[in-house]
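Chain and residue survey
This is what each chain is made of:
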Amino acid sequence: MSAQTETAILGGGCFWCLEAVFEQLKGVAKVESGYTGGAAPNPTYEAVCGGKTGHAEVIRVTFDPAVISFRELLEVFFVIHDPTTLNRQGADVGTQYRSAIFYTSEEQRHTTGEVIQELTNAKTFANPIVTKVELAQEFFKAEEYHQGYYRANPDRGYCQMVVSPKVAKARAAFAPKLK
């Protein structure tokens, strides 16, 4: 890892799924599950899941752009979740599960727009991409038991039924990018 790192904030359904995939990528130094994009101060998991805070479940990825670019992170992001379902990923329904990219720089905003346009032009998805592209707001780290949840609980039902298939899909699609 070089001394230079950047941050990406991504929402694509349950943060356990995203975290489990992104922490396996070369160049990723840290992945934290949390909340952003809402109005309530200091949101809790229960409040966010209740859908009343406006926050999305997200991950904050600290990465080395000399090893993995923001564009490459987006490539992974668009493979492991469905960016065409509004406020939903599988059985997880509500604005807290929205597909969203919270950019931290104008360069990230521009790259996000390019990637979405490329996917749209290529007709990668049968339906339009509904991913929200928003300026990053304050990030609230989720409760400690959410951090590394899949690693700590691989045998739990949700992890086996929902997280494991996404991890397997990412491993197959992005093997050269894995640690």
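Details of the structure are given in the entry above.
What you see is a predicted model, and the numbers here were worked out from it, not measured in a lab.

**Re the packing of aromatic side chains**
Applying the stated criterion across every chain, the model contains five aromatic pairs. Measuring from ring centre to ring centre gives 3.6 Å for Trp16 and Tyr149, while their planes differ by 5°; the resulting arrangement is stacked. Highlighted residues: Trp16 in helix 1 (residues 15-22) and Tyr149 in helix 5 (residues 149-152), separated in sequence by 133 residues. For Trp16, a relative accessible area of 10% corresponds to the buried category. Taken together, Phe15, Tyr35 and Tyr45 form an aromatic cluster joined through their ring pairs.

**Some points on the nonpolar core**
Ranked by size, the top nonpolar core spans 42 residues in total, and within it Phe22, Leu73 and Phe78 carry the most contacts. In contact with Phe22, not counting residues within four places along its chain, are Leu10, Val28, Val31, Ile59, Val61, Leu73, Val76, Phe77 and Ile80. The next biggest cluster of nonpolar side chains, apart from the first, holds six residues, and it includes Ile9, Ala56, Ala100 and Phe102.

**Looking at the side chain of Asp92**
In this structure, Asp92 sits in strand 5 (residues 92-93). With residues up to four places along the chain from it excluded, the contact list for Asp92 reads Cys14, Asn87, Tyr97 and Tyr158.

**Comments concerning the pairing of strand 6 (residues 99-103)**
With five of five residues buried, strand 6 is to be regarded as a mostly interior element. The two faces of strand 6 match: Ser99, Ile101 and Tyr103 on one face and Ala100 and Phe102 on the other face are all buried. As defined by bridge partners, strand 6 adjoins strand 7 (residues 132-135) across four bridges and the pair is classed as parallel. Considered in strand 7, the bridge of Tyr103 is made with Leu135. Remark: the strand 6/helix 4 (residues 106-121)/strand 7 crossover connection has right-handed handedness.

**Let's talk about the pattern of salt bridges**
Across all of its chains, the model carries nine salt bridges by this definition. Residue Glu72 pairs with Lys177 through a salt bridge whose shortest N-O separation is 2.8 Å. Of the two residues, Glu72 is situated in helix 3 (residues 70-80) and Lys177 in the segment after helix 6 (157-173); the sequence distance between them amounts to 105 residues. For Lys177, a relative accessible area of 22% corresponds to the partly exposed category. Salt-bridge contacts for Arg98 lead to Glu134; the nearest nitrogen and oxygen are separated by 4.0 Å. Taken as a pair, Arg98 in the loop between strand 5 and strand 6 and Glu134 in strand 7 lie far apart in primary sequence, 36 residues in all.

Rules used throughout
Residues numbered from 1 in each chain as written. Predicted model: local features only at pLDDT ≥ 70, side-chain atom pairs only at ≥ 80, totals over all residues. Heavy atoms only, no water. Phe/Tyr/Trp six-rings, centres within 6.5 Å; stacked < 30°, edge-to-face > 60°. Helix = DSSP H or I, 4+ residues; strand = E, 2+ residues; numbered from the N terminus. Buried < 20%, exposed > 50% of the residue type's maximum accessible area, 1.4 Å probe, protein only. Core = buried A, V, L, I, M, F, W, Y, C linked by side-chain atoms within 4.5 Å. Contact = heavy atoms within 4.5 Å. Pairing = 2+ DSSP bridges. Right-handed = clockwise from strand over helix to strand, strands pointing away. Salt bridge = Lys/Arg side-chain N within 4 Å of Asp/Glu carboxyl O.

Purely geometric numbers; function is a separate question.
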